[in-house]
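In case you want the letters, here they are:
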Amino acid sequence: MANPDELLAKMSPAEKAGQLTQFFYFKLPAGAQADPALGLDVEAQPRAVEGELAQGGAGSLLFVTDPAEINRLQRLGVEGNPHGVPLLFGFDVIHGLRTIFPVPIAMAASWDLETIERGQAIAGREARAVGIHWTFAPMVDIARDPRWGRIVEGAGEDPFLGATVAAAQVRGFQQHIIAGPKHFGGYGAALGGRDYDEVNLSDYELWNVYFPPFEAAIKAGAGNVMTAYMDLNGVPASASHWLFTEVLRETWGFDGFVVSDANAVRNLVAHGFAKDLAEAGARAVTAGVDMEMAIADPAYAHLPAAVEDKAVDERVLDERVRKILEAKVRLGLFDDPYVDEERAREVLADPAHREAARVAAQRSAVLLRNEGDLLPLDPAALGSIAVIGPLADSKRDTIGPWVFDFDLDETVTVLDGIRAAAGDKVTHARGIAAGQRTFPSMFDMFGNNAPTDPEGFDAEAELARAVEAAAAADVAVVVAGEWQNMIGEAASRSSLELPGRQLELIQAVVATGTPTVLLVMNGRPLDLRWAAENVPAILDIWYPGTQGGAAVADLLFGAVSPGGKLPFSWPRTAGQIPMIYSHTTSHEPDNQARRYWDEESTPLFPFGHGLSYATFRYRDLTVDREVVGTDESVTVSVEVANESDREAAEVVQLYLHQRYGTASRPVRELKGFDRVVIPARESRRVEFVIGPEHRRYWNAVARDWVLDEAPFDVWVGGSSAADLAGTFEVRAG
Ligand code: BGC
């Protein structure tokens, strides 16, 4: 068995720097154009990387997903390295590799930890089968500003939900590959929601809000952590000794390796922080960044010189390299670095993976509104169904952003799904033109471009055709939202309005008088003020993945009931951002404060909101003790009755509030949840244990974690507006 210390003793500083360097290896689809903004020479880059491999100058590659290619490059790496050290292959396996699951924000909306863990275990299984050892996921950044496009990659606004979902994802991935929670830390709080813009967060917010998902991911055993691009309180996060050494390793005991975000070490020069590449490399490696992810010309290539000049102690290099070698040993790469290509094909085709993706899409949908119980639809009772909107039949949009190895042929769109269930009763009209971005996405070069309209598309005639189809149908299903390349990395928006003429389309369909269902395809909240008053049924289907359309049909026609809940407060309009449910209060009565002249100060839909086809009643909340010691736990239980004739899942949520103490505490905070399936006409008792870990918080004056003696309110219900209440008091001794 390979021994990292023995290997280290034989390695030169240049070989060590090689182990600490990860290169992109881009092979673009035929005809693809590289984004000039990336400064990428499509021809020269792979050749240069292969040159590095031939002389042991790389420890890892990213962006290769073809098992034959991985084997070829691995052979170059192993044979080129004087000590036979194999390469680590990393990739962004965010919500599936070949089988695409709903986007991460959707998975979080399921509040279903088993489904989340299973989804990432399948993603990890497919990845490992093709030769990928490590994913740059989960993204566990808290997002409280939906203008920021990367809200789609995370679990939303709440640290408790975020931490729980982060741990489930890590458990899933790490059944097969290394998970790398990212981007440490505070990346989601960029000014104005502009990606990579600076972040200024108090310690109070970092410890109470932004760090908990990272700590949970580390506790779940994550083997890697990725840095963040932006300045955090005036220092580039990617060179923060405080983040990567003091917090991550010394406070949380992280034992894995840290990778920089792509080119983030080089960018220390762009930040105006390091004077040149050499200094950038020296400062990042000293801060605790083990591996540099680079497109070309890595800063870590200067580390051997830095060792010679005594700018970097060689023991620091050894510590970093040891982490990388340990990961390779643990993965068994020294024993067998290659993959079985035939087996990879079998794993990628596994029908069980598709079935799991379909279940995940069912469970992540959120029923926002259902006036007059318009849903579920009964296909037998309907003569015709008009399916409307350009997103209804767009395969590429159905699977969402941040996927690369997808198979569009097998992707089931909403139109496909409805047709499979309701056959020739279905008519379809796009209604409006496909959405176009005003600038190309950096992902366009991977075939992720915006959709285009069919030849001869006439926008005015098409709108008229959609209205006609709606008028002639018994029910209209409009699919509206954002084109998938409007969201994700470097895809911020200054407005939450439905892009293009989609609102006009919805209004025209509703004006026909035909009962209308709105399916929202999105990764961030959108301005649905008009729809929330005028469209009777609204179902948030997110970007639902490979089996999305099949799952949507299951939901529309009532084979299953929606049970998802919002992982963020849904603002009415962009001007309300940021809007969180767990705010503090300063006035009595509260509605005199936090007012806008021109808009309500409440969200359109509260955090945790989501309806069901069943009716749930919450009753009999009990708290097992009135007084509890500071270090003790209290048990809260509640009965949830399903008063309908159909089985359905409900996410039972517990919120906590400390009435007073050594700091003002939020009006309520999520501290427990449980997704339970309750058969028709039955009830279940759901129990939550609230321990000191749920009551402690980081106090800005004490500059430490505190546990106050205080009375607490507790609510349990189906959203953050839960009103079934109880109390208990915490007293020392
Ligand atoms: C993103 C990371 C991603 C990396 C590699 C960066 O631009 O910020 O989240 O893992 O690229 O694709």
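Our subject is the structure listed above.
Residues numbered from 1 in each chain as written. Predicted model: local features only at pLDDT ≥ 70, side-chain atom pairs only at ≥ 80, totals over all residues. Heavy atoms only, no water.

## Digging into the nonpolar core
Within soluble globular proteins, side chains that are nonpolar generally end up buried alongside one another.
Move 1: The biggest cluster of nonpolar side chains holds 184 residues, and the ones touching the most others in it are Phe184, Leu518, Leu519 and Leu528.
Move 2: Looking at this core, the element that brings in the most residues is strand β14 (residues 475-481), giving six residues.
Move 3: Setting aside its immediate chain neighbours within four residues, Leu528 contacts Leu368, Leu498, Leu518, Val520, Ile538, Trp570 and Leu604.
Move 4: Grouped together as the second largest cluster of nonpolar side chains are 24 residues, Tyr618, Leu621, Val636 and Val716 included. (Core = buried A, V, L, I, M, F, W, Y, C linked by side-chain atoms within 4.5 Å. Buried < 20%, exposed > 50% of the residue type's maximum accessible area, 1.4 Å probe, protein only. Helix = DSSP H or I, 4+ residues; strand = E, 2+ residues; numbered from the N terminus. Contact = heavy atoms within 4.5 Å.)

## Overview of the pattern of salt bridges
Move 1: In total, this model carries 48 salt bridges according to the counting rule given.
Move 2: With its nearest N and O atoms 2.8 Å apart, the salt bridge here joins Asp197 to Arg194.
Move 3: Residue class for Asp197 comes out partly exposed when judged on its relative accessible area of 22%.
Move 4: The class of Arg194 is partly exposed, set by a relative accessible area of 45%.
Move 5: One salt bridge connects Asp645 with Arg681, and the closest N-O pair in it is separated by 2.8 Å. Of this pair, Asp645 sits in the loop between β19 (634-642) and β20 (648-658) while Arg681 sits in the loop between β21 (669-678) and β22 (683-690); the two residues are 36 residues apart in sequence, bridging distant segments of the chain. (Salt bridge = Lys/Arg side-chain N within 4 Å of Asp/Glu carboxyl O.)

## Some remarks on the packing of helix α8 (residues 203-210) against helix α10 (residues 241-251)
Move 1: Two numbers describe how α8 lies on α10: the axes approach to 15 Å, and their chain directions differ by 50 degrees. The orientation of α8 with respect to α10, classified from their angle, is oblique. When the axes of α8 and α10 are compared, the crossing they make is right-handed. Contacts from Asp203, Leu206 and Trp207 in α8 reach Trp242, Val247 and Thr251 in α10.
Move 2: Taken together, the residues of the contact of α8 with α10 sort by class into four nonpolar, one polar and one charged. (Axes fitted to C-alpha atoms, helices over the stretch in contact; angles between N-to-C directions. Parallel < 35°, antiparallel > 145°, perpendicular 65-115°, else oblique. Left-handed = near helix turned anticlockwise from the far one by under 90°. Nonpolar A, V, L, I, M, F, W, Y, C, P; charged D, E, K, R; others polar.)

## A word on the sheet that holds strand β5 (residues 178-179)
Either a parallel or an antiparallel arrangement is found when strands of a sheet pair, and the pairing is made through backbone hydrogen bonds.
Move 1: Read across the sheet, six strands follow the order β5-β4-β3-β2-β1-β10 without closing on themselves; strand pairing throughout is parallel. Each edge of the open sheet is held by one strand with a lone partner, namely β5 and β10 (292-294).
Move 2: Bridge count for strand β4 (residues 134-135) against β5 is two bridges, and the pairing is parallel. In the strand pairing of β5, Trp134 is matched with Ile178. (Pairing = 2+ DSSP bridges.)

## Details of the site of the ligand
Move 1: Not every one of the 15 residues close to the ligand is listed here, only the nearest: Asp92, Arg150, His183, Asp261 and Glu489.
Move 2: Interatomic distance of 2.7 Å between a side-chain N/O atom of His183 and an oxygen atom of the ligand.
Move 3: Relative to its unbound accessible area of 310 Å², the ligand is 94% covered by the protein chains.
Move 4: Of the residues contributing to the shell around the ligand, the split by class is nine nonpolar, one polar and five charged. (Near = heavy atom within 4 Å. Polar contact = N/O pair within 3.5 Å; in protein donor to acceptor, adjacent residues only side chain to side chain. Areas by Shrake-Rupley, 256 points an atom, 1.4 Å probe, with all protein chains shown as cover.)

## Focus on the pairing of strand β3 (residues 88-91)
Move 1: Judged by which residues are buried, β3 turns out to be covered on both faces: Leu88 and Gly90 on one side and Phe89 and Phe91 on the other are all buried.
Move 2: Of the pairings in the sheet, the one linking strand β2 (residues 60-62) to β3 comprises three bridges and is parallel in character. If you follow Ser60 over to β3, its bridge partner there is Leu88.
Move 3: With helix α4 (residues 67-80) bridging β2 and its parallel neighbour β3, the resulting β-α-β unit is right-handed. (Right-handed = clockwise from strand over helix to strand, strands pointing away.)

## Side note on the packing of helix α6 (residues 113-130) against helix α7 (residues 159-173)
Move 1: Packing of α6 against α7 leaves a shortest axis separation of 7 Å and a crossing angle of 35 degrees. α7 is crossed by α6, and the crossing has right-handed handedness. Contacts between α6 and α7 involve Leu113, Ile116, Glu117, Gln120, Ala121, Ala123 and Gly124 from the former and Thr164, Val165, Ala168, Gln169, Arg171, Gly172 and Phe173 from the latter.
Move 2: Partitioned by chemical class, the residues of the contact of α6 with α7 number seven nonpolar, five polar and two charged.

## Some thoughts on the environment of His176
Move 1: Looking at the secondary structure, you find His176 in the loop between α7 and β5.
Move 2: Classification of His176 as partly exposed rests on a relative accessible area of 26%.
Move 3: As for His176 and Arg125, which are separated by 51 residues in sequence, their C-alpha atoms are 5.7 Å apart.

## What about helix α19 (residues 459-472)?
Move 1: With 14 residues, α19 should cover 20 Å at 1.5 Å per step; its first-to-last C-alpha distance of 20 Å lies within 8% of that length.
Move 2: All buried positions along α19 are accounted for by Glu462, Leu463, Ala466, Ala469 and Ala470. An end-on view of α19 places all buried positions within 125 degrees of arc, on one side of the element. Seen from the buried face of α19, the exposed residues on the opposite side, beyond 90 degrees, are Glu468 and Ala472.
Move 3: Structurally, α19 contributes buried residues whose contacts are with β12 (385-388), β13 (426-429), β14 and α20 (502-511). (Expected span 1.5 Å × (residues − 1). Arc of directions from axis to C-beta.)

## Observations concerning the side chain of Glu482
Move 1: Secondary-structure assignment places Glu482 in the loop between β14 and α20.
Move 2: On the basis of relative accessibility, which here comes to 0%, the residue Glu482 falls in the buried class.
Move 3: Once you skip the residues sitting within four places of it in the chain, Glu482 turns out to touch Leu391, Ile487, Arg493, Pro499, Met521, Arg524, Leu526 and Tyr543.

These figures come from the coordinates and say nothing about function on their own.
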